[in-house]
Amino acid sequence: MDYHHPDDRKNILGDLQRLRNHITQENYDRNETFNFLMTAWNKVSDPLWYLGYWDDYYECANLVLKCAKQINQNEALGQVLNEIGWNEMENGELKKAKQRFTQALKKYRATPDGIVGQCRTLRYLGTLYHRQRRFGSALKCYRKALILMDENKKLVVESRQIASERAEIHNVLGNLCLKLYDFNNCKSKLLYSLEQYELLHKNFNQEMGDFYLYFQGAPLLNLGRLHFEICEFKLAREYYNKCLYLCRQIHRPDMEAGALIRLAELAKLEGNQSEAINLTKMAEELTKDKARPVRDHAHYVKTNDVKTTTNNNRKSYLTFKLDYILQIIIFVTDLLIFAPFTAWRYANNLLHRRRRTTSSRSRSASGN
C-alpha cells in the first residue's frame, strides 16, 4: 500500500466501512469482526499519522469509534477517543479534545488492565492544559501519571509500554519546565527522555523496527529549543540538525518540518533572511497537503520577527522578566483554583532556582 497515494488512503476508509456494515448487522460473529477491524486500524493508523495525513486519519478514526460504541468495548473506546482527541487538539479544537480525553480516562478506569491507557490519557490531558497555559493543571496530570506507574509496580511489570510512557512524560515535563524558565530541570528531564527512548530502541529494534526512533524527535527538538532560549545557538543548531536528520531517516514529515522551522528561526535571529525563507519554504512544501498546524507555524515564522526570552539588550531583558513573572502568576493561580493539592514545593524551588539564572542574565544584558 502506498500511503502517499490518495486512492490508497480512500481504500482504507472503504475497507473499514465494509467491516462496520458487517458489525451493524448484529451477526453472531460481530465481536470477531470488530477485533479484526481494530487489528486493521492499528496497522494503518500509525503510518497515516506519522506521514502527516491527519484528515484521513481523523475520518477513519471516527468510523472506528462508531463501531467501538456499538460493541461497547472499553479499552478500544479509550484508545480511539484518545486518538481522535489528539487530532482535534493538534487542530486547535481544545474543548472537543478535552471532552474526548475525559471520556477516554473513564473508559480506561473501567478496564482491569487500563494502567497504560490511564497514564497516556493523563499525559494527553496535561499537554492540553499546557496549551491552555494552565501549567498547574498540566503538572498535576503528569504527576498523577507517574504516581500511577509507581503505585502499580507490583501489579504491572515495567513493560515496554510503561517505560515508553515514562519517557514521554519526562519529555512533556521538560517542555513545561522550559515554559516556566526552569532550565536546569528542563535539561535533565529532556535528556532522561532521550536516553530512555534510545534504550528502548536498542532493546526492541528487532521487534519494533524504527518505532522508538520516531519518539526521539521530540526531546531532540525540545533540547534545541532550550539552548535557543538561553542563547546557546551552536548547541541549538546541533540538536535541531540531529532531529532533522533523524526524521529524514525515518520519513517523519511533521517533525522534519518542525526542525526546519526552528532552524529558520535561528537563521532569522542571526540575520540570514534568505536562509530562513528557504527553510520555511521547505517546511511548507513538506506539509502542503498534510499536518496543517505545522504548515501554519512555518508561515508564521516566515512572516514574523523571531524573539528569544534573553536577547542581549535591556528592553528584551525586561520583557523576559515580565513574562517570567506572568508565568509564575498563571502557574500559582492555576494551582489554587484548579489543582490545589499539587506541587507547592515545585513552585517554591522554581522561584529560588531562577534567582541565579536571572542575575547572570542581568549581567549579560547590562554588559552589552
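Residues numbered from 1 in each chain as written. Predicted model: local features only at pLDDT ≥ 70, side-chain atom pairs only at ≥ 80, totals over all residues. Heavy atoms only, no water.

Caption draft 1: Here's a closer look at the overall build of the protein. Counting its secondary structure elements, the protein contains 17 helices and zero strands. Each of the 368 residues in the protein was classed as buried or not, and the buried ones make up 51%. Carbon and sulfur atoms make up 50% of the accessible area of the protein, which amounts to about 18,400 Å² in all. (Helix = DSSP H or I, 4+ residues; strand = E, 2+ residues; numbered from the N terminus. Buried < 20%, exposed > 50% of the residue type's maximum accessible area, 1.4 Å probe, protein only. Areas by Shrake-Rupley, 256 points an atom, 1.4 Å probe, with all protein chains shown as cover.)

Caption draft 2: Inspection of the nonpolar core at higher detail. Ranked by internal contacts, the top residues of the largest apolar core, which has 100 residues, are Leu16, Phe34, Leu37, Met38, Trp41 and Phe101. The greatest single-element share of this core, amounting to 10 residues, is contributed by helix 3 (residues 54-71). (Core = buried A, V, L, I, M, F, W, Y, C linked by side-chain atoms within 4.5 Å.)

Caption draft 3: Spotlight on the layout of surface pockets. Of the voids in this model, the second largest pocket is the one considered here, and its volume is about 240 Å³. For the lining of the second largest pocket, the elements supplying multiple residues, two or more each, are helix 2 (30-50) and helix 10 (211-214). Considering each element in turn, the lining of the second largest pocket owes the most residues, five residues, to helix 2. Looking at the lining of the second largest pocket, its residues break down into eight nonpolar, two polar and four charged. (1 Å grid on protein atoms, 1.4 Å probe; cavity = no way out; pocket = protein on both sides within 12 Å on 5 of 7 lines; lining within 4 Å. Points joined across faces, edges and corners; volume = space filled by probe spheres on them. Nonpolar A, V, L, I, M, F, W, Y, C, P; charged D, E, K, R; others polar.)

Caption draft 4: Just the packing of helix 6 (residues 115-131) against helix 8 (residues 160-179), in detail. Where helix 6 meets helix 8, the closest approach of the two axes is 10 Å, and the angle between their N-to-C directions is 15°. With respect to their mutual orientation, helix 6 and helix 8 come out roughly parallel. With respect to the hand of their crossing, helix 6 and helix 8 are arranged in left-handed fashion. In this structure, helix 6 contributes Ile115, Val116, Cys119, Arg120, Arg123, Thr127 and His130 to the contact, and helix 8 contributes Gln161, Ile162, Glu165, Glu168, Ile169, Val172, Asn175, Leu176 and Lys179. Partitioning the contact of helix 6 with helix 8 into residue classes produces seven nonpolar, four polar and five charged. (Axes fitted to C-alpha atoms, helices over the stretch in contact; angles between N-to-C directions. Parallel < 35°, antiparallel > 145°, perpendicular 65-115°, else oblique. Left-handed = near helix turned anticlockwise from the far one by under 90°. Contact = heavy atoms within 4.5 Å.)

Caption draft 5: Structural view of the environment of His227. By secondary structure assignment, the location of His227 is in helix 11 (residues 217-229). We classify His227 as buried; its relative accessible area is 3%. Residues His227 and Arg237 lie 10 residues apart in sequence; the distance between their C-alpha atoms is 8.7 Å. Apart from the residues lying within four places of it in its own chain, the contact partners of His227 are Lys187, Glu232, Phe233, Leu235, Ala236 and Tyr239.

Caption draft 6: Region of interest: the packing of aromatic side chains. If you walk through the whole model with that rule in mind, you get 14 aromatic pairs. Between Phe211 and Tyr212, the ring centres sit 5.0 Å apart and the planes meet at 85°, which makes this aromatic pair edge-to-face. Relative accessible area serves as the criterion here: at 23%, Phe211 is assigned to the partly exposed category. With relative accessibility at 2%, the residue Tyr212 sits in the buried group. (Phe/Tyr/Trp six-rings, centres within 6.5 Å; stacked < 30°, edge-to-face > 60°.)

Caption draft 7: Examining helix 1 (residues 6-24) more closely. With 19 residues, helix 1 ought to run about 27 Å at 1.5 Å a step, and its terminal C-alpha atoms sit 27 Å apart, in line with that. Those residues of helix 1 that fall on the buried side of the exposure criterion are Arg9, Ile12, Leu16, Leu19 and Ile23. End-on, the buried residues of helix 1 take up no more than an arc of 80°, which puts them together on one face. For helix 1, the exposed residues set more than 90 degrees away from the buried face come down to Lys10 and Arg18. (Expected span 1.5 Å × (residues − 1). Arc of directions from axis to C-beta.)

Caption draft 8: How the structure looks around the state of the cysteines. This structure, assessed with the given rule, holds zero disulfides. No disulfide involves Cys243; its nearest neighbouring cysteine sulfur is the one of Cys247, lying 4.0 Å away. Classification of Cys243 as buried rests on a relative accessible area of 0%. (Disulfide = S-S within 2.5 Å.)

Caption draft 9: Geometry of the pattern of salt bridges. Overall, the coordinates contain 14 salt bridges when judged by the stated rule. In this structure, Glu90 and Arg131 form a salt bridge, with 3.5 Å as the shortest nitrogen-oxygen distance. With Glu90 in helix 4 (residues 74-90) and Arg131 in helix 6, this pair connects stretches of sequence that are 41 residues apart. According to the relative accessible area criterion, Arg131 is partly exposed, its value standing at 38%. Notably, a salt bridge pairs Asp254 with Arg252, separated by 2.9 Å at the nearest N-O pair. (Salt bridge = Lys/Arg side-chain N within 4 Å of Asp/Glu carboxyl O.)

Caption draft 10: Summary view of the side chain of Arg30. Structurally, Arg30 is set in helix 2. By relative accessible area, which is 18% here, Arg30 ends up buried.

Caption draft 11: The packing of helix 1 against helix 2, seen in detail. At a minimum axis distance of 9 Å, the contact between helix 1 and helix 2 shows a crossing angle of 165°. Judged by the inter-axis angle, helix 1 sits roughly antiparallel to helix 2. Crossing of helix 1 over helix 2 shows left-handed handedness. Contact residues: Arg9, Ile12, Leu16, Leu19, Arg20, His22 and Ile23 in helix 1; Arg30, Thr33, Phe34, Phe36, Leu37, Trp41, Val44 and Leu48 in helix 2. Here the residues of the contact of helix 1 with helix 2 sort into 10 nonpolar, two polar and three charged.

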